[in-house]
There are 4 protein chains.
Amino acid sequence: MCRWLAYAGEPLTPGTLILETQHSLVAQSLHSPMGKETVNGDGFGIGWYPAGGVPGAAPAFFRSVEPAWHDENLRELAHAIHSPLFFAHVRAAAGPPIQQTNCHPFRHENWLFMHNGALREFGLMKRDIMLGIDPALFPAVHGTTDSEAMFYLALTLGLRTDPVGAMAEAIREVERIGRALSIPNPVQGTFAVTDGSRIWAFRYSTEHRSRTLFYSEEMDTLRATYPDLDRLRVFGANARVIVSEPLTDLPGAFIEVPESTVAVLDASGYHQEPFLRAA
Amino acid sequence: MCRWLAYAGEPLTPGTLILETQHSLVAQSLHSPMGKETVNGDGFGIGWYPAGGVPGAAPAFFRSVEPAWHDENLRELAHAIHSPLFFAHVRAAAGPPIQQTNCHPFRHENWLFMHNGALREFGLMKRDIMLGIDPALFPAVHGTTDSEAMFYLALTLGLRTDPVGAMAEAIREVERIGRALSIPNPVQGTFAVTDGSRIWAFRYSTEHRSRTLFYSEEMDTLRATYPDLDRLRVFGANARVIVSEPLTDLPGAFIEVPESTVAVLDASGYHQEPFLRAA
Amino acid sequence: MCRWLAYAGEPLTPGTLILETQHSLVAQSLHSPMGKETVNGDGFGIGWYPAGGVPGAAPAFFRSVEPAWHDENLRELAHAIHSPLFFAHVRAAAGPPIQQTNCHPFRHENWLFMHNGALREFGLMKRDIMLGIDPALFPAVHGTTDSEAMFYLALTLGLRTDPVGAMAEAIREVERIGRALSIPNPVQGTFAVTDGSRIWAFRYSTEHRSRTLFYSEEMDTLRATYPDLDRLRVFGANARVIVSEPLTDLPGAFIEVPESTVAVLDASGYHQEPFLRAA
Amino acid sequence: MCRWLAYAGEPLTPGTLILETQHSLVAQSLHSPMGKETVNGDGFGIGWYPAGGVPGAAPAFFRSVEPAWHDENLRELAHAIHSPLFFAHVRAAAGPPIQQTNCHPFRHENWLFMHNGALREFGLMKRDIMLGIDPALFPAVHGTTDSEAMFYLALTLGLRTDPVGAMAEAIREVERIGRALSIPNPVQGTFAVTDGSRIWAFRYSTEHRSRTLFYSEEMDTLRATYPDLDRLRVFGANARVIVSEPLTDLPGAFIEVPESTVAVLDASGYHQEPFLRAA
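Q: Would you take a moment to explain the interface of chain C and chain D for this structure?
A: A common way to state how big an interface is: give the accessible area lost once the parts meet. Between chain C and chain D, the residue contacts involve 15 residues of the former and 15 residues of the latter. There are zero salt bridges connecting chain C and chain D. Remark: the boundary between chain C and chain D carries four residue pairs in polar contact (both at pLDDT 80 or more).

Structure follows, in structure tokens:
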């Protein structure tokens with residue numbers, strides 16, 4: 001269910017990563033080697049902070065229900081924009097209908113959110129989860145997915161001031177709701193969150209067997225390893241991505257994020273910490 | 001905000017009414033003389049009980065976000081099916097997004113529901129209305145409109161056993177919620193409901209200035225008045241429609257449904273009664 | 001590039017075959033075991049002659065650019081209509097854009113046409129092929145595919161009076177055009193044609209390695225072999241299908257159509273003949 | 001049939017003109033006071049040369065079959081990009097199907113083209129017009145409109161070296177074809193062409209009663225006339241637009257382009273010349 005990519009670094013045209021890599025995100029929409037579903041053709045989205053944009057401003061996004069592989073507008077746009085931080089997502093719908101409001105990423109003010117995985121038996125849990133959302137935020141929920149509900153639950157629980165703490169609380173809340181309804185292993189997924197300057201990516205599932213997640217090696221290291229590799233030249237020294245599965249087979253280029261971990265990408269680079277390891 | 005048509009009578013191809021009349025519903029999608037909005041181009045839907053179908057079976061529907069006037073599939077379908085009872089709707093979106101799950105009619109089991117009008121400040125009222133919906137029905141709400149929420153509230157309040165009573169209660173409940181939030185005149189609209197054998201159409205608004213609603217004259221009477229009118233020949237003796245605005249300028253063909261009235265179409269023909277007249 | 005199915009027999013809801021079989025056409029849209037492409041998600045179409053329809057009348061069709069697997073309207077329609085003869089198609093676009101006018105089947109008067117495969121280097125051959133089309137038919141070409149061009153070329157060459165001869169001539173004409181442009185093996189495919197009472201299906205390619213094609217065994221034979229198989233009961237004694245690949249793993253149920261063969265389905269049942277075997 | 005806008009000047013977000021003016025192009029899609037059709041809801045497009053782009057590079061475009069008024073992606077994009085020269089178009093389809101390849105503007109290499117109006121009886125003239133297109137350009141025609149055919153005919157006749165001469169020749173050629181087929185007044189329209197640094201806009205019809213066309217007054221003049229008008233401040237000194245109808249009621253802001261005229265917008269500003277005045 002879904003594949004995603006989060007980039008931070010020097011301003012880049014998203015097409016460089018989502019179209020022109022060996023196992024690009026758009027290629028993964030038609031054939032994802034590591035995905036739970038092979039085909040991720042139920043819509044896509046891209047959210048980006050424009051190069052030269054005002055800090056704290058809301059990002060732009062482009063979302064569509066078309067399969068990513070046959071969308072001409074995505075190809076145009078992915079080459080026309082430049083961005084120092086963007087999210088991209090291809091969807092394999094697990095249940096909620098295929099409509100633009102259900103495409104990732106989701107946006108609230110200057111925040112973006114996307115998800116690969118599912119809240120199990122979401123139909124049963126949905127009412128309780130929706131009740132947990134701040135009534136002032138309730139009208140801002142535009143779609144009907146588990147992922148967006150999780151985003152607004154986390155916003156309710158303080159995402160804007162403590163992203164890691166709020167995501168932990170939101171997950172615990174869904175697990176409580178699931179337990180009360182006798183739903184086994186209610187939370188599954190990798191989640192990505194950003195405020196436009198920092199990216200938090202969570203790999204977590206109640207059953208501790210989460211969807212795959214990888215981050216890219218430092219550019220300096222990669223260039224030292226592959227001094228003749230022309231296609232690395234388009235990337236700046238700080239270019240990093242966190243992604244559902246490797247974009248290339250290049251040995252050493254992508255490293256797995258461990259189970260129950262939060263990965264952070266910011267001005268100081270990439271680092272990771274345990275997340276909800278002790279239940 | 002929207003135009004709709006409900007037909008009951010001898011099996012008919014919907015195209016006869018929604019495409020081939022002078023002011024057909026599809027013509028109204030591009031230009032509605034009496035509508036609050038001139039253009040109703042934000043999607044459409046048609047729900048029908050097939051001729052020869054099993055009594056009590058769920059109807060089929062076809063809904064799309066395209067403007068009705070440029071949808072080739074609608075033209076095909078409207079001429080390919082036969083139905084003794086169908087609903088058709090063209091939408092002018094008042095806020096909730098343009099997506100298939102927000103297109104009317106809405107369906108639950110063997111019931112169909114459609115609406116022209118709006119619940120005012122629905123964003124503010126939505127959480128309270130959703131809380132009023134039976135938790136067992138909550139997962140069946142697929143879209144995000146005020147209209148569908150009203151349908152499920154009425155289902156919760158007994159629509160399947162007492163349609164008129166349940167619609168009255170649902171409207172009163174929304175008016176209570178609106179009053180508590182200081183929203184003036186929260187309910188506006190005409191509503192159509194059917195179980196496949198009978199149609200109930202409600203013209204009501206809190207302010208008692210509701211969207212237009214008309215019903216068609218008996219065929220025998222029309223044929224006596226216009227004995228030479230060829231285009232009446234396609235209709236059976238029991239053909240009747242309730243519709244947002246007249247489908248033709250033919251004098252006497254369409255009669256206005258009074259304010260605060262429920263109109264009923266069943267085997268015995270058309271009749272109407274006061275509805276929520278004494279606030 | 002594409003998968004298709006043609007049915008003739010007692011009136012049937014298409015859903016029985018395109019949705020409810022083990023390897024249904026809609027399942028093949030997401031995963032086709034024998035197809036040149038695994039995913040056939042670039043639109044779909046269904047064309048049908050309604051049960052009880054007027055002989056010689058044009059069929060209805062429903063075509064969409066959505067992947068077949070996520071189209072709610074297709075599910076509705078496939079269960080709501082009854083037809084003694086229908087075509088269904090899922091597309092994997094080889095080049096021409098994904099738009100409704102490029103979805104199969106194509107229709108002209110009472111005829112339907114669909115294709116799996118491709119005219120190689122169609123961009124180069126297109127002008128010459130289009131010039132071969134009767135100027136009176138030229139405005140009826142609504143899309144931009146090789147398949148529709150082939151249909152109108154065959155109509156020009158007498159499809160309505162001699163389908164087998166006209167298809168042979170059209171293929172030879174394209175091969176001539178291809179040869180003149182030094183295009184190797186210009187024609188590849190399986191083609192299905194119907195006038196509403198008879199189906200002709202062609203398996204042919206210049207290189208004599210054509211896309212797969214199968215026909216179903218007689219119902220009487222199947223029922224004798226599998227007397228306890230409940231799911232055969234929905235089919236009438238004359239139900240037959242010609243299809244890109246078997247709809248089920250049931251041994252004996254589907255038989256391959258040989259290379260360079262025309263298969264015919266009519267009131268007398270299924271028969272086949274060599275087609276363009278001697279080059 | 002259609003409304004369009006062409007901008008040249010200091011880099012601007014297109015939303016400033018197509019969304020935020022009094023009678024913006026998107027407002028005209030729902031209600032065009034001067035258009036032949038009131039509603040222009042059959043798709044839209046925007047083509048732009050990015051700010052800071054390479055001279056002579058192909059522009060980007062975004063086209064969709066949705067009505068412009070309900071497209072969320074258009075709103076996002078129109079505020080996210082900056083461009084010193086862009087085309088925007090809303091369509092009212094005259095016949096050719098509503099599909100992305102039929103949305104304006106059309107692009108070839110670094111050129112953009114758009115049209116408001118029609119070639120009369122295009123179905124009859126189409127084959128002859130297509131035959132007039134250079135066989136090498138023929139495969140580049142992706143859609144099925146009269147407008148795109150005119151673009152490729154003009155490209156064949158030298159648009160890239162002499163835009164005014166080539167447009168004149170292309171129009172004369174269509175008039176010759178129309179005359180041979182006894183079609184009265186075959187050409188109607190306003191046409192816009194650009195190579196990324198200069199815009200040519202043609203107002204011409206065989207009958208000399210062409211669709212409306214306007215250009216905007218110089219910014220210095222406007223600011224002198226309206227020194228207190230805040231909304232003029234977003235525009236640079238060289239900002240100019242050519243547009244189907246005025247974007248505002250501000251007296252003096254928009255001036256009509258005369259019948260049978262070519263208007264040119266380039267680094268030296270706006271100027272106009274007679275075009276095909278003597279038949």
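Q: I'm lost on the sheet that holds strand β3 (residues 60–64) of chain A in this one. Help?
A: In a beta sheet, neighbouring strands are held together by backbone hydrogen bonds and run either parallel or antiparallel to one another. Residue and element names in this part refer to chain A. Judged by pairing direction, the sheet is antiparallel, and its seven strands sit side by side in the order β3-β2-β4-β1-β10-β9-β11 without closing on themselves. Since the sheet does not close on itself, it has two edges, and those belong to β3 and β11 (254–256), each with one partner. Mean inter-strand twist for the sheet, computed between neighbouring axes without regard to direction, equals 15°. The sheet contact formed by strand β1 (residues 3–12) and strand β10 (residues 240–243) spans four bridges and is antiparallel. Bridge pairing links Ala-6 to Ile-242 in β10.

Q: Looking at this structure, I do not really get the nonpolar core. What am I missing?
A: The nonpolar side chains of soluble globular proteins are, as a tendency, buried together. Ranked by size, the top nonpolar core spans 148 residues in total, and within it Leu5(A), Leu5(B), Leu5(C) and Leu5(D) carry the most contacts. When neighbours within four sequence positions are excluded, Leu5(A) is seen to be in contact with Leu17(A), Ile18(A), Leu25(A), Phe86(A), Phe87(A), Ala88(A), Met114(A), Val241(A), Ile242(A), Val243(A) and Leu247(A).

Q: Just checking my understanding: could you explain the pairing of strand β7 (residues 187–194) of chain C for this structure?
A: Successive side chains on a regular strand alternate, one facing one side of the sheet and the next facing the other. All names here are of chain C. Of all eight residues in β7, eight are buried, a share of seventy percent or more. The two faces of β7 match: Val-187, Gly-189, Phe-191 and Val-193 on one face and Gln-188, Thr-190, Ala-192 and Thr-194 on the other face are all buried. Taken together, the eight bridges between strand β6 (residues 111–119) and β7 define a ladder with antiparallel strand orientation. Looking at β7, one finds that Leu-119 is bridged to Val-187. Two strands pair when backbone bridges link them, and β7 and strand β8 (residues 199–205) are joined in this way by seven bridges, in the antiparallel orientation. The residue bridging Ala-192 from the neighbouring strand is Ala-201, located in β8. Connecting β7 to the next strand, β8, in antiparallel fashion are four residues, including Gly-196 with a positive phi near 105°.

Q: Explain the side chain of His108(B) here, please?
A: Residue and element names in this part refer to chain B. Within the secondary structure layout, His-108 lies in strand β5 (residues 106–108). At 3.2 Å, the side chain of His-108 forms a polar contact with the side chain of Tyr-152. Apart from residues no more than four positions distant in its own chain, His-108 is found in contact with Leu-137, Ala-140, Phe-151, Tyr-152, Leu-155 and Arg-160.

Q: Would you mind showing me how to read the interface of chain B and chain A here?
A: Each partner contributes residues to the interface: chain B has 15 residues there, and chain A has 15 residues. Counting the surface lost from both chain B and chain A, the interface buries some 1,300 Å², and carbon and sulfur atoms represent 65% of this. Taken together, the connections running from chain B to chain A amount to zero salt bridges. Summed over the shared surface of chain B and chain A, the number is four residue pairs in polar contact (both at pLDDT 80 or more). Residues of the side of chain B that touches chain A, tallied by class, amount to seven nonpolar, six polar and two charged.

Q: Any chance you could explain the relation of the copies chain C and chain D here in plain terms?
A: Copy one and copy two of the chain differ by a rotation about an axis and a translation along that axis. Once turned by 180° and shifted 0.0 Å along the axis, chain C lies on chain D with an RMSD of 0.0 Å. Viewed as a symmetry operation, the transformation between the two copies matches a two-fold axis. Residue Gln99(C) of chain C places its C-alpha closer to the rotation axis than any other residue of that unit, at 3.1 Å. When the interface residues of chain C are mapped onto chain D, 100% of them again lie at the interface, so the same face is used by both copies.

Thresholds applied
Residues numbered from 1 in each chain as written. Chains lettered and ligands numbered in written order. Predicted model: local features only at pLDDT ≥ 70, side-chain atom pairs only at ≥ 80, totals over all residues. Heavy atoms only, no water. Contact = heavy atoms within 4.5 Å. Salt bridge = Lys/Arg side-chain N within 4 Å of Asp/Glu carboxyl O. Polar contact = N/O pair within 3.5 Å; in protein donor to acceptor, adjacent residues only side chain to side chain. Pairing = 2+ DSSP bridges. Helix = DSSP H or I, 4+ residues; strand = E, 2+ residues; numbered from the N terminus. Axes fitted to C-alpha atoms, helices over the stretch in contact; angles between N-to-C directions. Core = buried A, V, L, I, M, F, W, Y, C linked by side-chain atoms within 4.5 Å. Buried < 20%, exposed > 50% of the residue type's maximum accessible area, 1.4 Å probe, protein only. Buried area = accessible area lost by both parts, 1.4 Å probe. Nonpolar A, V, L, I, M, F, W, Y, C, P; charged D, E, K, R; others polar. Least-squares fit on C-alpha atoms with pLDDT ≥ 70 in both.

In short, geometric facts, not functional conclusions.
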